[in-house]
Amino acid sequence: MLHTFVALVEDKPGVLTRVASLFRRLNINIVSLTVGHSEKTGVSRMTIVSDASPTAGHRIMASLYKLENVLQVDDVGQAACVSRELALIKVAATPKTRSHIFELAEVFRARIVDLAPESLMIEITGVESKIEGLIQVLNESDDRILEISRTGRMVMRRGQHTSRVLDAMRVPSGESESEPIAEDDEAEITEEADLPQ
Amino acid sequence: MSEAKFAGTRLTGAEILWATLEGEGVREVFGYPGGAILPAYDALRKFPIRHILVRHEQGAVHMADGYARASGKVGVAVATSGPGATNMVTGIATAMMDSIPLLCVTGQVSSKVLGTDAFQEIDITGITLPVTKHNYLVTRAEDIAPVIREALLVARSGRPGPVLVDITKDAQQGSATYDFAASAPEPYRPHPMLRAEEDSVLKAAELIRSAKRPVILAGHGMIQSGARKQVLALAERLQIPVASTLLGLGGFPASHPLSLGMMGMHGEAWVNQAIQQSDLLIACGMRFDDRVTGSLATYAIYAKKIHIEIDPAEINKNVKVDVALIGDLAEVLETLLPHLAPREGESAWMREVNAMKGECSVRDIQNLPDTGHLYAAHVMNDLWHATHGKAIVVTDVGQHQMWEAQYYKHEDPRTLITSGGLGTMGFALPAAIGAKVACPEKEVWVIAGDGGFQMTAAELSTIAQENLDINIAVVNNGYLGMVRQWQEFFYEKNYESSPILSPDYVKLADAHGIPGVAVRTRGEVLPAVKAARERKGPFLINFLVEKEDSVYPMIAAGSALHEMIRRPGHNPLIETAQDV
Ligand SMILES: Cc1ncc(C[n+]2csc(CCOP(=O)(O)OP(=O)(O)O)c2C)c(N)n1
Ligand SMILES: [Mg+2]
């Protein structure tokens with residue numbers, strides 16, 4: 001079963017090794033790991049997706065907390081959250097075969113970000129299944145994929161249980177609790193709001 | 001000189017190291033010099049810190065470990081880079097497995113050449129990452145004071161553990177303004193999953209009230225938390241028998257009528273039977289190690305389980321529990337006790353347990369006639385009597401360790417010092433040095449096998465140099481005894497590589513200026529112990545014991561806790577032992 005953890009960690013040398021080493025020690029495979037700055041200076045945010053037994057969640061979380069550089073851990077599990085992944089896909093394409101790839105990209109709300117005589121590059125953002133969908137369609141339509149680079153999942157809880165920034169803004173509880181929470185698959189609303197750049 | 005005198009002045013990194021340690025109350029360190037730590041050694045004499053020069057860096061860490069276990073304070077070990085640092089690893093892992101608070105300081109090559117495979121450069125923070133609670137690499141003099149202070153805090157707070165601080169040579173040589181107070185670490189951040197919620201406490205109280213056959217499992221956490229008073233209160237209030245893990249021995253007084261003794265692989269039969277028949281286990285600061293549970297599938301299947309533990313990662317790790325109370329044992333029990341009313345008189349359960357005890361006590365060594373053989377159990381029993389169960393006993397790893405745990409009845413916390421989790425042979429002699437340095441007024445005994453003693457025997461020289469009043473008992477059976485026992489039981493007596501030659505230990509001691517005697521019969525045991533105790537300064541006794549004796553009862557790895565291998569025959573000691 002896939003477990004997704006969001007960890008806020010100190011932005012210091014060696015912290016990634018400590019986190020990675022913990023999973024190695026438990027013999028648990030990390031499916032994806034994204035790291036970057038968070039809303040706080042000196043604090044990085046990691047989204048870790050790992051494949052472990054259904055009961056392993058507690059142990060992983062408790063063990064992560066034992067690392068001195070780990071400040072906060074959230075096992076997002078089944079919680080309502082927004083999940084995104086970014087992928088760059090380079091596809092072999094000649095001027096003749098390009099146009100149908102443009103169409104595909106359109107359907108998947110992906111963008112063409114590079115064009116060369118023999119290839120083009122697609123940028124796509126979304127939940128993993130959407131990215132996998134595009135890859136599958138490309139494979140099925142005989143377009144040769146030359147390279148794929150995926151960031152892995154990034155996750156943020158919706159509503160007031162999300163980031164510490166919202167927490168700090170002290171949205172009165174109860175008020176937003178009663179708000180309907182959108183499900184992951186219905187995340188299209190947010191996507192549509194994405195502005196073309 | 002005191003750290004206050006230095007405050008606000010400019011010091012070298014090396015001076016800051018010692019000033020900070022002094023400020024933190026450190027008065028003794030165990031170490032060994034070398035190139036990358038020489039600036040620190042050069043500055044040492046300006047500070048009121050005693051340095052015990054060891055013979056091997058593994059010994060330095062075991063000494064710091066013994067110091068910590070005996071005193072409850074953080075033990076400090078120092079070594080140079082490269083081989084000095086790698087020699088520490090076994091000691092650090094030993095401390096990690098038993099949750100011992102240590103600070104290990106290593107020298108490192110200059111920051112300018114880090115990562116270039118410079119002479120004696122080794123990535124010790126990388127190597128020790130999985131065996132330390134945390135570690136640090138320090139490359140600037142101004143970081144030394146805050147890092148050392150934080151490292152000490154990390155080592156001793158929450159579930160304690162070893163912390164390593166690797167300091168580059170240029171950081172030691174550089175200078176910075178020293179300010180002890182300003183270097184104070186952020187207050188300790190307790191594990192956010194620490195909680196003993198009110199409803200869990202109530203649920204635990206309800207389980208305890210309704211239990212008919214409860215057993216308390218007292219672990220190392222009882223000693224580390226200083227929870228004797230609370231565990232005694234819980235046991236006495238409801239007449240609950242108390243079984244101890246190896247590292248929990250001494251936590252609960254052995255002479256207490258509710259004390260059962262050690263559980264697990266070499267626990268007494270009645271202890272394991274009580275656990276298997278129990279309907280409620282109250283685990284107090286222990287982690288259900290495989291050596292205490294036997295096969296998990298058959299472990300205490302009739303029992304509900306309450307787990308009181310400071311490390312949330314231990315909950316449901318090995319044994320699924322019904323109620324988890326996460327926190328410091330003494331504190332959690334303080335919140336639990338008010339919910340429990342006293343129960344009068346001996347319970348039917350306690351009578352049952354005592355009856356089980358009666359059946360097993362026939363194997364008690366004291367009930368057997370003196371046949372002229374010397375058994376290790378005799379040695380432990382007589383030593384226990386002679387020292388009234390009050391000495392600090394530091395054991396090594398093997399059969400003698402189990403016999404000590406069975407026959408030396410520890411009354412007080414921190415009087416049994418042994419490597420439980422890692423089972424590190426060679427631990428006893430150096431750890432005893434640490435214990436003696438921590439508690440000079442206490443009587444300290446080393447009990448080591450002939451195998452393990454030879455692993456760190458070089459530290460005899462440290463004992464001689466420091467003239468430490470340590471009594472050393474070598475339990476000499478001519479074998480790596482515990483290996484031989486496994487070979488006897490599970491490998492058709494194929495004694496491959498388990499017979500081991502020893503030097504003449506009395507002569508070896510003599511070469512160090514340490515007096516000693518050899519003991520071959522039971523009658524000689526007490527006089528030798530007396531001589532050792534009367535002598536101020538070190539003394540060694542070479543106990544030449546029965547060669548092929550085994551530790552009983554035993555639960556074979558993977559068997560159920562009640563499936564014990566018992567001594568064969570009626571007068572089993574004599575049957576299993578070989579005539580000399
Ligand atoms: C460093 C280390 N190496 C190997 C072992 C495996 N081992 C466990 S007990 C034992 C035999 C110990 O022999 P000895 O010290 O003579 O004690 P005895 O069992 O005879 O009392 C061995 C080899 C160990 N625990 N530690
Ligand atoms: Mg031996």
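All chains use their own residue numbering, which begins from 1 and follows the written sequence. Labels follow written order: the first chain is A, the first ligand is 1, and so on. With pLDDT at 70 or above as the cut-off, local features in this predicted model cover only qualifying residues; side-chain atom pairs require 80 or more to be listed or tallied, and sums for whole chains, interfaces and linings still use all residues. Based on all heavy atoms of the structure, the side-chain values leave hydrogens and waters out of the count.

### Focus: the overall build of chain A
Rules: Counting from the N terminus, the helices are DSSP H or I runs at least four residues long and the strands are E runs at least two residues long. Buried means the residue's accessible area, taken with a 1.4 Å probe over protein chains only, is under 20% of the maximum for its type, while exposed means over 50%, and partly exposed covers the values in between. Here, residues are in contact when the closest pair of their heavy atoms is within 4.5 Å.
Helix and strand counts for chain A stand at six helices and nine strands. Counting all 197 residues of chain A, 41% fall into the buried class. Contacts in chain A between residues far apart in sequence, at least 24 positions, make up 71% of those at least 6 positions apart.

### A closer look at the overall build of chain B
Using the following cut-off: With the radius of gyration taken over C-alpha atoms, the globule rule is written as 2.2 Å times the number of residues to the power 0.38. Surface accessibility in these figures is a Shrake-Rupley result with a 1.4 Å probe; residues are shielded only by whichever protein chains are displayed. The convention is simple: Lys and Arg are positive, Asp and Glu are negative, and His and the chain ends are not counted. Charged side chains are reduced to one point each, which is NZ for Lys, CZ for Arg, CG for Asp and CD for Glu.
Assigned secondary structure in chain B consists of 25 helices and 20 strands. Taking 25 Å as the expected radius of gyration for a compact globule of 580 residues, we find that chain B reaches 25 Å, a close match to that expectation. Across its three principal axes, chain B shows a C-alpha extent of roughly 70 × 65 × 40 Å. Within chain B, counting contacts between residues at least 6 apart in sequence, those at least 24 apart form 75% of the total. Accessible surface for chain B amounts to roughly 21400 Å². Of this, 53% is attributable to carbon and sulfur atoms. Across chain B, the mean location of the 52 positive side-chain charges is 3 Å away from that of the 65 negative side-chain charges.

### Section: the interface of chain A and chain B
Heads up, the rule is: Every case where a carboxyl oxygen of Asp or Glu lies within 4 Å of a side-chain nitrogen of Lys or Arg is listed as a salt bridge. The definition of a polar contact used here is a pair of N or O atoms within 3.5 Å, where within protein one atom must be able to donate a hydrogen and the other to accept one, and adjacent residues in sequence count solely through side-chain atom pairs. Under the grouping applied here, Gly and all other residues not named as nonpolar or charged are polar, the nonpolar ones being Ala, Val, Leu, Ile, Met, Phe, Trp, Tyr, Cys and Pro and the charged ones Asp, Glu, Lys and Arg.
Contact with chain A, which involves 15 residues of that partner, is made by 16 residues of chain B. The interface formed by chain A and chain B includes one salt bridge. Applying the counting rule to chain A against chain B returns six residue pairs in polar contact (both at pLDDT 80 or more). Among the elements of the structure, helix H1 (15-25), helix H2 (56-66) and strand S4 (70-75) of chain A are those that each provide at least two residues to the side of chain A that touches chain B. Broken down by element, the side of chain A that touches chain B gets its largest block of residues, seven residues, from H2(A). Of the residues assigned to the side of chain A that touches chain B, the class counts are five nonpolar, five polar and five charged.

### Quick word on the packing of aromatic side chains
Residues and elements named next belong to chain B. What counts here: Think of it this way: a Phe, Tyr or Trp ring, Trp meaning its six-membered ring, pairs with another when their centres are within 6.5 Å, and the plane angle makes it stacked under 30 degrees, edge-to-face over 60, tilted otherwise.
Taken as a whole and judged by the stated rule, the model has seven aromatic pairs over all chains. Measuring from ring centre to ring centre gives 6.0 Å for Phe288 and Tyr299, while their planes differ by 75°; the resulting arrangement is edge-to-face. Of this pair, Phe288 sits in the loop between strand S12 (280-284) and helix H14 (290-293) while Tyr299 sits in the loop between H14 and strand S13 (304-309), and the two are 11 residues apart along the sequence. Comparing Phe288 with Tyr299 shows no difference in burial state: the two are buried. Ring geometry for Trp486 versus Phe490: centroids 5.5 Å apart, planes at 75°, classification edge-to-face. Separated by four residues within a single helix, Trp486 and Phe490 lie in helix H22 (residues 481-490), roughly one turn from each other.

### So, the side chain of B:Glu548
All names here are of chain B. Along the polypeptide, Glu548 turns up in the loop between strand S20 (539-544) and helix H25 (572-576). Arg484 provides the closest opposite charge to the buried, salt-bridge-free Glu548, at an N-O distance of 4.2 Å. For Glu548, the side chain forms a polar contact with the side chain of Tyr479, separated by 3.1 Å.

### Some words on the coordination of the magnesium ion (ligand 2)
Residues and elements named next belong to chain B. Keep this limit in mind: Distances define the donors: N, O and S atoms within 2.8 Å of the metal qualify, as do those within 3.2 Å of Na, K or Ca. Water is excluded, so some sites may look unfinished.
For the magnesium ion (ligand 2), the protein coordination sphere consists of Asp450 (OD), Asn477 (OD1) and Tyr479 (O), at 2.0 to 2.1 Å. Positions of the donor residues of the magnesium ion (ligand 2), expressed as sequence spacing, correspond to D-x26-N-x1-Y. Pair noted here: Asp450 is in helix H20 (residues 450-455) and Tyr479 is in the loop between strand S18 (470-476) and H22, with a separation of 29 residues, a long-range link. The burial state of Asp450 is the same as that of Tyr479; both residues are buried.

### So, H1(A)
Considered for burial, the residues of H1(A) that qualify are A:Val15, A:Arg18, A:Val19, A:Ser21, A:Leu22 and A:Phe23. Taken from the residues just after H1(A), A:Asn27 is the one with a positive phi, measuring 55°.

### Considering the domain arrangement of chain A
Heads up, the condition is: Residue ranges labeled as domains rest on an automatic or database domain assignment.
In terms of domain boundaries, chain A breaks down into domain 1 (2-79) and domain 2 (82-150). Here the C-alpha centre of domain 2 of chain A lies 30 Å away from the C-alpha centre of domain 1 of chain A.

### Topic: the pairing of strand S9 (residues 214-218) of chain B
All names here are of chain B. Condition: Only strands joined by at least two bridges in the DSSP assignment are considered to pair.
With respect to burial, S9 is a largely interior element, five of its five residues being buried. Of the two faces of S9, the one holding Pro214, Ile216 and Ala218 and the one holding Val215 and Leu217 are both buried throughout. Taken together, the five bridges between S9 and S12 define a ladder with parallel strand orientation. Within the sheet, the bridge partner assigned to Val215 lies in S12 and is Leu281. In terms of strand pairing, S9 meets strand S10 (residues 242-244) through three bridges, oriented parallel. The partner of Ile216 across the bridge, within S10, is Val242.

### Some remarks on the site of ligand 1
Residues and elements named next belong to chain B. Which entries qualify depends on this criterion: Residues are classed as near a molecule or strand on a simple rule: at least one heavy atom within 4 Å of it.
Surrounding ligand 1, one finds 17 residues, the nearest of these being Gln399, Gly423, Asp450, Gly452 and Gly481. A distance of 2.9 Å separates an oxygen atom of ligand 1 from a polar backbone atom of Met482. Look at ligand 1: alone it shows 580 Å² of surface, and the protein chains cover 76% of it. For the shell around ligand 1, the elements supplying multiple residues, two or more each, are helix H18 (399-407), H20 and H22.

### Focus on the sheet that holds strand S1 (residues 2-10) of chain A
All names here are of chain A. Heads up, the rule is: Whenever a helix is involved, its axis is fitted only over the stretch in contact; in every case the axis is a line through C-alpha atoms, and angles between N-to-C directions fall within 0 to 180 degrees.
The four strands lie next to each other as S2-S3-S1-S4, forming an open sheet whose pairing is antiparallel. Where the open sheet ends on each side, the last strands, each with one partner, are strand S2 (29-37) and S4. When the angles between neighbouring strand axes are averaged without regard to direction, this sheet yields 20°. Where S2 lies against strand S3 (residues 43-51), eight bridges are found, and the strand directions are antiparallel. By the bridge assignment, Gly36 is partnered in S3 with Arg45. Its contacts with the sheet put H1 on S1, S2, S3 and S4, and the angle it makes with S3 is roughly 20°.

### Some thoughts on helix H8 (residues 141-156) of chain B
Residue and element names in this part refer to chain B. Definition in use: Expected helix span is given by 1.5 Å per residue-to-residue step, counting one fewer step than there are residues.
Here H8 is 16 residues long and its end C-alpha atoms lie 24 Å apart, about the 22 Å a rise of 1.5 Å per residue gives. Turning to H8, its buried residues are Ala141, Ile144, Ala145, Val147, Ile148, Arg149, Ala151, Leu152, Leu153, Val154 and Ala155. Considering only its buried residues, H8 is in contact with helix H2 (13-23), strand S5 (102-108), strand S6 (134-138), strand S7 (162-168), helix H9 (169-173) and strand S8 (175-177).

### Digging into the packing of H2(B) against H8(B)
Helix-helix packing is characterised by the crossing angle of the two axes and by the distance between the axes. Residue and element names in this part refer to chain B. In plain terms, the rule: Each angle receives one of four descriptions, namely roughly parallel if under 35 degrees, roughly antiparallel if over 145, roughly perpendicular if within 65 to 115, and oblique otherwise. It is the rotation of the near helix from the far one that decides the hand of a crossing: anticlockwise by less than a right angle makes it left-handed, clockwise makes it right-handed.
Running from N to C, H2 and H8 point in directions that differ by 25°, and their axes come no closer than 9 Å. Comparing their axes, H8 and H2 come out roughly parallel. In this structure, the crossing between H2 and H8 has a hand that is right-handed. Facing Gly13, Ile16, Leu17, Thr20 and Leu21 of H2, the residues of H8 in contact are Ala141, Ile144, Ala145, Ile148, Arg149 and Leu152. Of the residues contributing to the contact of H2 with H8, the split by class is eight nonpolar, two polar and one charged.

### Overview of the nonpolar core
It is characteristic of soluble globular proteins that their nonpolar side chains tend to be buried jointly. Residue and element names in this part refer to chain B. Selection rule: Within this scheme, the nonpolar core is defined by two criteria: the residues are buried Ala, Val, Leu, Ile, Met, Phe, Trp, Tyr or Cys, and they are joined through side-chain atoms within 4.5 Å.
With 50 residues, the main nonpolar core has Phe30, Val394, Phe453, Ile470 and Ile472 as its most contacted residues. Each of domain 1 (2-183) and domain 3 (376-549) gives at least three residues to this core. Excluding anything up to four places from it in sequence, Phe453 contacts Leu429, Ala448, Leu460, Ile472, Val474, Tyr505, Leu508 and Leu540. Counting residues in hydrophobic clusters, the runner-up holds 40 residues, among them Ile37, Ile49, Val78 and Tyr178.

### Quick notes on the sheet that holds strand S19 (residues 516-519) of chain B
Residues and elements named next belong to chain B. Strand order in the open sheet formed by six strands is S16-S15-S17-S18-S20-S19, and the pairing between neighbours is parallel. Of all the strands in the sheet, just strand S16 (416-417) and S19 have a single pairing partner and so form its edges. Looking at chain direction, strand S17 (residues 444-449) and S18 are connected through six bridges and run parallel. Paired with Trp445 across the two strands is Asn471, which belongs to S18. In the packing of helix H17 (residues 376-386) onto the sheet, the strands contacted are S17, S18 and S20, and the crossing angle to S17 comes to about 175°. Contacting strand S15 (392-395), S16, S17 and S18, H18 crosses the sheet at an angle of about 135° to S17.

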